[in-house]
Amino acid sequence: METDLHATLRSLRVWDPETTELRSFDPDTAPPTPLALFTSWFSDAVAAGQPEPHTMSLATVDEDGRPDARIVMLHGADAGGWSFATHATSRKGRALSAHPHAALVFYWPVLGRQVRVRGPVTAAPSQDSQADLHARSTGALAAALTGRQSEELSSLDELRRASQTAWERARDNPAEPSPTWTLYRLRPETVEFFQGDADRRHVRLEYRSTGFGWSRTLLWP
């Protein structure tokens, strides 16, 4: 089985020309702020047909200093930072309470691009968190009302019953609050843009917050 895995790994290609378009990227033409470039690259990813371009890896450190990562959905990006949401009582919510710093990674293989964002994280006011939740789908509200995220589950039948009840509540009262649902905002200290190159001369441009604006630095690939 291990041999099969290694053989499969060796057979795989990265950035197959049939599915990936590696575009040129001149960092000298990049805008002065990372948000402007992120918005442009995000639009490029959507236009190129990247599946779920708004999903991202979220890395945190838990109460014991152990790293953790998972895939979450981007809820917005503006002058206040990059935002995502979860229950404050979940594993990532508890980790952010203990160590309010995080890292995000977007990967858009159709263009051979990555964006990495790092910085401190703050919880939005409750009214903003609930507004974020109620702007989403009925299913999202039902999932939030099901609650108990990251707790141990005794059986899938228990989940089915709790979820069914939550769906009924969400349909009957679309404005019902979920008290632990929290919108988090990551205020970037560094934002790196990675453009892949077929000759492995990848372009890496890192924006760094200086307190008076942004500096830009190239990194070796």
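Residues take numbers from 1 onward in each chain, read along the sequence in its written order. The predicted nature of this model means local features are confined to residues of pLDDT at least 70 and side-chain atom pairs, given and counted, to a pLDDT of 80 or more, with totals for whole chains, interfaces and linings taken over all residues. Side-chain metrics rest on all non-hydrogen atoms present in the structure, leaving aside hydrogens and water.

Q: Could you give me a rundown of the packing of aromatic side chains, with the residues and numbers involved?
A: A pair of Phe, Tyr and Trp rings is counted when the ring centres sit within 6.5 Å of each other, with Trp represented by its six-membered ring. The angle between the planes then sorts it: under 30 degrees is stacked, over 60 is edge-to-face, the rest tilted. If you walk through the whole model with that rule in mind, you get eleven aromatic pairs. A ring pair is formed by Trp 15 and Phe 194, whose centres lie 6.4 Å apart and whose planes are at 45°; its orientation type is tilted. Taken as a pair, Trp 15 in the loop between helix H1 (2-11) and helix H2 (34-47) and Phe 194 in strand S8 (residues 190-195) lie far apart in primary sequence, 179 residues in all. To sort residues, take the accessible area from a 1.4 Å probe on protein chains only and compare it with the maximum for the residue type: under 20% means buried, over 50% means exposed, and anything in between is partly exposed. What makes Phe 194 buried here is its relative accessible area of 12%. When the centroid spacing of 5.2 Å and the interplanar angle of 75° are considered together, the rings of Phe 25 and Trp 41 count as edge-to-face. Highlighted residues: Phe 25 in the loop between H1 and H2 and Trp 41 in helix H2, separated in sequence by 16 residues. Exposure remark for Phe 25: the relative accessible area of 13% places this residue in the buried category. Since its relative accessible area comes to 2%, Trp 41 is described here as buried. An aromatic cluster is defined as three or more aromatic residues linked by ring pairs; in this entry it consists of Phe 38, Phe 42, Trp 82, Phe 106 and Trp 108. Placement of a charge over a ring requires the Lys NZ or Arg CZ to be within 6 Å of the ring centre, with the centre-to-atom vector within 35 degrees of the ring normal. Sitting over the face of the ring of Trp 41, Arg 113 holds its NZ or CZ atom 4.1 Å from the ring centroid. For helices the rule is a DSSP run of H or I covering at least 4 residues; for strands it is a run of E covering at least 2, with both sets numbered from the N terminus onward.

Q: Hey, could you go over the packing of helix H5 (residues 138-146) against helix H6 (residues 156-172) for me, with residue numbers and the actual values?
A: To obtain each axis, a line is fitted to C-alpha atoms, and for helices this fit is confined to the stretch in contact; angles are then taken between N-to-C directions over 0 to 180 degrees. Relative to each other, H5 and H6 sit at 125°, their axes nearing to 8 Å. One finds that H5 runs oblique with respect to H6. As for the relative orientation of H5 and H6, their crossing is right-handed in sense. For the pair formed by H5 and H6, the contact residues are Thr 138, Gly 139, Leu 141, Ala 142, Leu 145 and Thr 146 on the first element and Leu 159, Ala 162, Ser 163, Ala 166, Trp 167, Arg 169, Ala 170 and Arg 171 on the second. Split into classes, the residues belonging to the contact of H5 with H6 amount to eight nonpolar, four polar and two charged. Angular relationships are summarised with four words: roughly parallel below 35 degrees, roughly antiparallel beyond 145, roughly perpendicular across 65 to 115, and oblique for the angles in between. In this scheme, a crossing is called left-handed if the near helix is turned counterclockwise away from the far one by less than a right angle; it is called right-handed if the turn is clockwise. Residues are treated as being in contact if the distance between any of their heavy atoms lies within 4.5 Å. In this classification, Asp, Glu, Lys and Arg are treated as charged, Ala, Val, Leu, Ile, Met, Phe, Trp, Tyr, Cys and Pro as nonpolar, and every other residue, Gly included, as polar.

Q: Break down the nonpolar core for me, with residues and values.
A: In this structure, Phe 84 and Val 115 are the most contacted members of the largest nonpolar core, which totals 26 residues. Those elements giving two or more residues to this core turn out to be H2, strand S1 (55-61), strand S4 (81-87), strand S5 (101-108), strand S6 (113-123), strand S7 (181-186), S8 and strand S9 (203-209). Sequence-distant contacts of Val 115, that is, excluding residues within four places in its chain, are made with Phe 38, Trp 41, Leu 104, Val 105, Phe 106, Trp 108, Val 191, Glu 192 and Phe 193. In plain words, nonpolar cores are sets of buried Ala, Val, Leu, Ile, Met, Phe, Trp, Tyr and Cys residues tied together by side-chain atoms within 4.5 Å.

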